[in-house]
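Now for the letters of each chain:
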Amino acid sequence: MHDAGPNDSTAVAPMDKPLRWLWLAAAVVVLDLGTKALMSSLLTYAQPVEVLPFFNLTLLHNTGAAFSFLAGHPGWQRWLFALVAVGASVGLTLWMRRLKSDERLLAASLALLIGGALGNLYDRLVHGYVVDFLSFHMAGWYYPAFNVADIGITLGAIGLIWESVFEGRKQARRRRS
């Protein structure tokens, strides 16, 4: 890429307002905390409510990370995961500030990751655990329960992988032509 002047239409300028994507992070947080509060008020802890033959609503409290990683420890992991969530959110927000106007998928992916991290951070700080309630299962096998914040994190990670794989190919083609 070359240094472009202000009148060069081929230049990709930094996004005018890259942090505008934080509305998506805020939406994930609001939806996450709202659904967690609703499920906490409607469901009895660890008592599945069948919605479909392969899907239950089951209120669970996760003191660990993904797939209950480190859940069996005495509580120090709460602060470790909170610190990781704060660090990741700050780092991703700084990254988002540097995006260019054509990097919409990347911006949305970062926002989803930030929203998911902040939704679960709230739970860790306020409750000491993350509220999970979405439970998929089949033939006696149960996928670990999760929540809306986890969906945001997963979709954000998929977006980053997509961007990394396919945008890298586009840039390589541009350099060759």
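The structure displayed is predicted, hence computed values, not measured ones. (Residues numbered from 1 in each chain as written. Predicted model: local features only at pLDDT ≥ 70, side-chain atom pairs only at ≥ 80, totals over all residues. Heavy atoms only, no water.)

There is a patch of nonpolar side chains on the surface, built from V51, L52, F54, F136, M138, W141 and Y143 and spanning about 690 Å² of accessible area. Sorting the residues of the nonpolar patch by element identifies β1 (49-52) and β3 (130-138) as the ones contributing at least two each. One can find W141 in strand β4 (residues 141-142). (Patch = residues over 30% accessible without salt bridge, like charges linked within 9 Å, V, L, I, M, F, W, Y side chains within 5 Å. Areas by Shrake-Rupley, 256 points an atom, 1.4 Å probe, with all protein chains shown as cover. Salt bridge = Lys/Arg side-chain N within 4 Å of Asp/Glu carboxyl O. Helix = DSSP H or I, 4+ residues; strand = E, 2+ residues; numbered from the N terminus.)

A word on the pattern of salt bridges. For the structure shown, the criterion picks out 2 salt bridges. Here D32 makes a salt bridge to K36, at a shortest N to O gap of 2.7 Å. Within this pair, D32 and its partner K36 are both found in helix α1 (residues 22-42), separated by 4 residues, close to a single helical turn. Under the relative-accessibility criterion, D32 is labelled buried at 0%. (Buried < 20%, exposed > 50% of the residue type's maximum accessible area, 1.4 Å probe, protein only.)

With that out of the way, let us pick up the UniProt feature "active site" (unreviewed entry) in the protein. Mapped onto this structure's residue numbering, the UniProt feature "active site" (unreviewed entry) falls at D132 and D150. Spanning 19 residues, the annotated positions come together in the fold, the maximum distance between their C-alpha atoms being 9.1 Å. Among residues more than four places away in sequence, those in contact with D132 are T58, L59, L60, N62, A145, F146, N147 and D150. Positionally, D150 belongs in helix α4 (residues 148-176). Ignoring any residue separated from it by four or fewer positions in sequence, one finds D150 in contact with N120 and D132. (UniProt positions renumbered as here; feature names shortened; annotations may be inferred. Contact = heavy atoms within 4.5 Å.)

Turning our eyes to something else, we now look at the environment of L19. Tracing the sequence through the fold places L19 in the segment before α1. The exposure class assigned to L19 is partly exposed, which follows from its relative accessible area of 35%. Separated by 80 residues in the primary sequence, L19 and L99 have C-alpha atoms spaced 9.3 Å apart. Once residues within four sequence positions are removed from consideration, L19 is found in contact with T93, M96 and R97.

A rise of 1.5 Å per residue sets the reference length of helix α3 (residues 104-126), with its 23 residues, at 33 Å; its end C-alpha atoms lie 33 Å apart and thus fit the reference within 8%. Among the 23 residues in α3, 17 count as buried, and that is most of the element. Downstream of α3 by a residue or two, G128 has a phi angle that is positive, lying close to 90 degrees. (Expected span 1.5 Å × (residues − 1).)

This paragraph deals with unusual backbone geometry. Phi is positive for A46, which is not a glycine, with a value near 65 degrees. In this fold, A46 is placed in the loop between α1 and β1. Look at A139: it is not a glycine, yet its phi comes out positive at around 50 degrees. Mapped onto the fold, A139 is located in the loop between β3 and β4. By relative accessible area, A139 is classed as exposed at 85%.

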